[in-house]
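One-letter residues, chain by chain:
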Amino acid sequence: MPTRLAVTGAAAVAHAMRQINPDVVAAYPITPQTPIVEYYAQFVADGLVDTVMVPVESEHSAMSAVVGSAAAGARTMTATAANGLALMFEVVYIAASMRLPIVMPIVNRALSGPINIHGDHSDAYSVRDAGWIQLFSENSQEAYDMTIIATKLAEREEVLTPAMVNLDGFITSHGVEGVDLLDDEVVRDFVGIWEPKYPLLDVDNPITHGPLDLFDYYFEHHRQQQEGLKNAYKALPEVFAEYEKISGRKYDFLDLYRMEDAEYVMIVLNSAASTAKYVVDELREQGIKAGLIKPWVFTPFPKKELLAALEGRKAIMVLDRAMSFGKEAPLYSLVKSALYEAKDRPMIGSYVYGLGGRDVTPAMLKVPFEDALKGDLDPNEERYLGLKE
Amino acid sequence: MPKYDSWKEMPIAGVIDKPATAREYNTGTWRIMRPIINKDACINCMQCWLYCPDMAINGRVKEDGKTEMLGFDYNYCKGCGTCAEICPVNAIEMKPETEFLK
């Protein structure tokens, strides 16, 4: 019997981890990720999981311990946020290049500086080229589901790529809402037992992990990583379909909200999509054909799916909860690039919102729609929602 | 690591999937100076063998118990010149690799 709990997003993720029952969790607390590790440490202390919990002295050590553990052949997880991820940075790339299917929830928070502990996506974007799968979640339920999906996807032999599950700091991680938990056995059967291809602990078949890789094969190993992400792209619909079978919840590359006949389309990641859906409903009541796209998958980037969803629309407004200084905002530039091959190219505009946890209101999210309705979108102008101009 | 001609054939992740493959890996390609032995001058004292940091000096003990310097293993010699420096009779000359380009 599935259980419905009133819990925070952090607790929902910790429950997903409990049901996955990884062999090793190595983590260092950082706001707003801390409660995930706290809840999980409680599960370990209560004997509900078989996990070896490794409290380390920094995030650099956390990711290093996780790499060692996964290379040894253990199913391994960690979690972090913002500056913790920044401290991990070096080893984040190494984890991906070593093809270790580590799953890491990222509780999205603004990167310093100036120092700020609240939600934005500068942390997730900072590792967009690190070679990890990046899934995003609107609420606690999705964060729970994506953690289980990420495990299944990352460990597939043709994928073998680590995965991040992004959830918004405080808004999702600390907000309490209803979450439907699957039965423990259902999750356990779904993720199965990971059989690592090259476990270091297999002493009968000695192998080397992480050797020096110079001009002779580094290039080829990167090409293999690209293939892993391509395979993740191919595997995702299958994994989503399998997850739908056990949960009844349907996921895809893109969450398409009221998109059938939409002319004015907003694109936004994570929790702000809830507010945007509310705004879309309001606009629909006024007879405006508004719609919303929320990417569940950011890496591998669903370029083809976006092109198909956007072609022929009147206007696209892309919202980014981070800046790319001196360049176009990350999601915007990728959406713009996806539209290059569109035969019927819509108007397009870039909006930066909610930096450092700045509140995101329905009035704020109406502005891009109003601009679009006036025909006032400039593809080369970055606009700011809620900025003290 | 063994030789691979395509990224499709290689084990992923830089994993070396069997032991003792260093012998198949030629590290001498870094060398820009090549040691050349003058056997007429060499006194077979084996100091080059003793000092070589890469075990790239070939030698043997003959039946009469005396040592013999046989030459260099250019697969591993990185051209550091330690052997030429240490040689008490200046029997080793370091020559630029460009002289050996085909």
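Here is a short report on the structure shown in this document.

Reading the values: rules and limits
- Within any chain, residue numbers begin from 1 and follow the written order of that chain's sequence.
- Each chain is given a letter, starting from A, and each ligand a number, starting from 1, according to the order in which they appear as written.
- Whole-chain, interface and lining totals are the exception, using all residues; otherwise, since this is a predicted model, local features are given only for residues with pLDDT of at least 70 and side-chain atom pairs are given and counted only at 80 or more.
- Side-chain numbers come from the whole structure's heavy atoms, not from hydrogens or water.
- What counts as a helix is a DSSP run of H or I of at least four residues, what counts as a strand is a run of E of at least two, and both are numbered from the N terminus.
- Radius of gyration here is computed from C-alpha atoms only, and the compact-globule reference equals 2.2 Å multiplied by the residue count raised to the power 0.38.
- When a residue's accessible area, from a 1.4 Å probe over protein chains only, is under 20% of the maximum for its type it is buried; when over 50% it is exposed; and in between it is partly exposed.
- Contacts between residues were defined by any pair of non-hydrogen atoms, one from each residue, lying within 4.5 Å.
- To measure how exposed things are, a 1.4 Å probe is used in the Shrake-Rupley method; for residues, cover is taken only from the protein chains shown.
- Paired strands, in this sense, are two strands between which DSSP finds at least two bridges.
- Any Lys or Arg side-chain nitrogen located within 4 Å of an Asp or Glu carboxyl oxygen qualifies as a salt bridge.
- Interaxial angle, 0 to 180 degrees, is taken between N-to-C directions of lines fitted to C-alpha atoms, where a helix line uses only the stretch in contact.
- Should an angle fall under 35 degrees it is taken as roughly parallel, and over 145 as roughly antiparallel, whereas 65 to 115 is taken as roughly perpendicular and any remaining angle as oblique.
- Left-handed describes a crossing whose near helix is turned anticlockwise from the far helix by less than a right angle; the clockwise case is right-handed.
- Defined here as a combined quantity, buried area equals the accessible surface (1.4 Å probe) lost by two parts on assembly, summed across both.
- Distance and chemistry together define a polar contact, namely a pair of N or O atoms within 3.5 Å, with one atom able to donate a hydrogen and the other to accept it when in protein, and with adjacent residues in sequence counting only for side-chain atoms on both sides.
- Note on residue categories: nonpolar means Ala, Val, Leu, Ile, Met, Phe, Trp, Tyr, Cys or Pro, charged means Asp, Glu, Lys or Arg, and polar means any other residue, Gly included.
- Classification of ring pairs uses Phe, Tyr and Trp, with its six-membered ring standing for Trp, and accepts pairs whose centres are within 6.5 Å; under 30 degrees between planes counts as stacked, over 60 as edge-to-face, and the remaining range as tilted.
- To sit over a ring, a charge needs its Lys NZ or Arg CZ within 6 Å of the ring centre and within 35 degrees of the ring normal.
- Joining through side-chain atoms within 4.5 Å is the link that ties buried Ala, Val, Leu, Ile, Met, Phe, Trp, Tyr and Cys residues into a set, and such a set is a nonpolar core.

**Quick word on the overall build of chain A**
So, step 1. Within chain A, the regular secondary structure consists of 12 helices and 15 strands.
So, step 2. Its C-alpha atoms give chain A a radius of gyration of 21 Å, within 12% of the compact-globule value 21 Å for 389 residues.
So, step 3. With the C-alpha coordinates of chain A rotated into their principal frame, the extents come out at 70 × 50 × 45 Å.
So, step 4. For chain A, buried positions account for 58% of its 389 residues.
So, step 5. Here the contacts in chain A between residues at least 6 apart in sequence split such that 81% fall between residues at least 24 apart.
So, step 6. Summed over its atoms, the accessible surface of chain A is roughly 15800 Å², and 55% of this surface lies on carbon and sulfur atoms.

**Details of the pairing of strand β2 (residues 57-61) of chain B**
Residue and element names in this part refer to chain B.
So, step 1. Examined bridge by bridge, β2 and strand β3 (residues 67-72) share five bridges and lie antiparallel to one another. Paired with Ile 57 across the two strands is Phe 72, which belongs to β3.
So, step 2. Joining the antiparallel neighbours β2 and β3 is a turn of five residues, in which Gly 65 adopts a positive phi near 90°.

**A look at the pattern of salt bridges**
Side chains that differ in sign of charge can pair as their charged atoms come close.
Residue and element names in this part refer to chain A.
So, step 1. In total, this model carries 28 salt bridges over all chains according to the counting rule given.
So, step 2. Note that Asp 184 is salt-bridged to Arg 18, the shortest N-O span being 2.9 Å. Residue Asp 184 is found in helix α7 (residues 184-191), and its partner Arg 18 is found in helix α1 (residues 9-20); the two are separated by 166 residues along the sequence.
So, step 3. Judged by its relative accessible area of 27%, Asp 184 is partly exposed.
So, step 4. Exposure remark for Arg 18: the relative accessible area of 11% places this residue in the buried category.
So, step 5. Among the ionic pairs, Glu 227 bridges to Arg 223, the shortest N-O distance being 2.9 Å. Separated by four residues within a single helix, Glu 227 and Arg 223 lie in helix α8 (residues 218-247), roughly one turn from each other.

**Focus on the environment of Pro 368 of chain A**
All names here are of chain A.
So, step 1. In this fold, Pro 368 is placed in helix α12 (residues 362-373).
So, step 2. Separated by 103 residues in sequence, Pro 368 and Val 265 place their C-alpha atoms 9.6 Å apart.
So, step 3. Leaving out residues up to four positions away in the same chain, Pro 368 has contacts with Met 266, Met 317, Leu 319, Tyr 351, Leu 377 and Leu 385.

**A look at helix α10 (residues 303-310) of chain A**
Residue and element names in this part refer to chain A.
So, step 1. If you check which residues of α10 are buried, you get Glu 305, Leu 306, Leu 307, Ala 309 and Leu 310.
So, step 2. Where α10 is buried, its residues touch α8, β9 (254-257), β10 (264-267), β11 (290-295), β13 (315-320) and α11 (330-338).
So, step 3. Following α10 by one or two positions, Gly 312 adopts a phi angle in the positive range, close to 85°.

**Section: the side chain of Thr 27 of chain B**
So, step 1. Assignment of secondary structure puts Thr 27 of chain B in the segment before β1 (33-37).
So, step 2. Apart from residues lying up to four places away in sequence, Thr 27 of chain B is in contact with Asn 75, Tyr 76 and Lys 78 of chain B.

**So, the packing of α1 of chain A against helix α6 (residues 140-154) of chain A**
Residues and elements named next belong to chain A.
So, step 1. Contact pair α1 / α6: the axes reach a minimum separation of 8 Å and the direction vectors enclose 30°. Judged by the angle between their axes, α1 and α6 are roughly parallel. Judged by the sense of rotation from one axis to the other, the crossing of α1 with α6 is right-handed. Residues Gly 9, Ala 12, Val 13, His 15, Ala 16, Met 17, Gln 19 and Ile 20 of α1 pack against Ser 140, Ala 143, Tyr 144, Thr 147, Ile 148 and Thr 151 of α6.

**What to know about the environment of Leu 306 of chain A**
So, step 1. Looking at the element boundaries, Leu 306 of chain A is found in helix α10.
So, step 2. Each C-alpha atom, one on Leu 306 of chain A and one on Leu 334 of chain A, is 9.9 Å from the other, the two residues being 28 residues apart in sequence.

**A word on the interface of chain A and chain B**
So, step 1. Facing 19 residues of chain A, the contacting portion of chain B comprises 17 residues.
So, step 2. Between chain A and chain B, a total of about 1700 Å² is buried, with carbon and sulfur atoms accounting for 66% of that surface.
So, step 3. Broken down residue by residue, the surface that chain A buries against chain B is led by Tyr 198, Tyr 217 and Gln 224 of chain A, which jointly contribute 35%.
So, step 4. On the surface where chain A and chain B come into contact, there are zero salt bridges.
So, step 5. Across the contact surface, chain A and chain B share six residue pairs in polar contact (both at pLDDT 80 or more).
So, step 6. If one sorts the elements of the side of chain A that touches chain B by residue count, α8 of chain A sits on top with five residues.
So, step 7. Considering only residue class, the side of chain A that touches chain B consists of nine nonpolar, five polar and five charged.

**Re the packing of aromatic side chains**
So, step 1. Taken as a whole and assessed by the stated rule, the structure comprises 12 aromatic pairs over all chains.
So, step 2. When the centroid spacing of 5.5 Å and the interplanar angle of 70° are considered together, the rings of Phe 190 of chain A and Tyr 243 of chain A count as edge-to-face. On the criterion of sequence distance, the pair formed by Phe 190 of chain A in helix α7 and Tyr 243 of chain A in helix α8 is long-range, its members being 53 residues apart.
So, step 3. Residue class for Phe 190 of chain A comes out buried when judged on its relative accessible area of 6%.
So, step 4. Its relative accessible area of 0% is what places Tyr 243 of chain A among the buried residues.
So, step 5. Put simply, the rings of Phe 190, Phe 240, Tyr 243, Tyr 251 and Trp 296 of chain A touch in pairs and so form one group of aromatic residues.
So, step 6. Taking NZ or CZ as reference, Arg 34 of chain B lies 4.1 Å from the ring centre of Phe 100 of chain B, over its face.

**Remarks on the nonpolar core**
All names here are of chain A.
So, step 1. Formed by 79 residues in total, the largest nonpolar core has its most connected members in Tyr 144, Ile 267 and Val 335.
So, step 2. Residue contacts for Val 335: discarding those within four places in its chain leaves Ile 267, Phe 301, Leu 306, Leu 310, Ile 316, Val 318 and Ile 348.
So, step 3. Core analysis: the second largest hydrophobic core is formed by 24 residues, Met 266, Leu 283, Ile 288 and Phe 369 among them.

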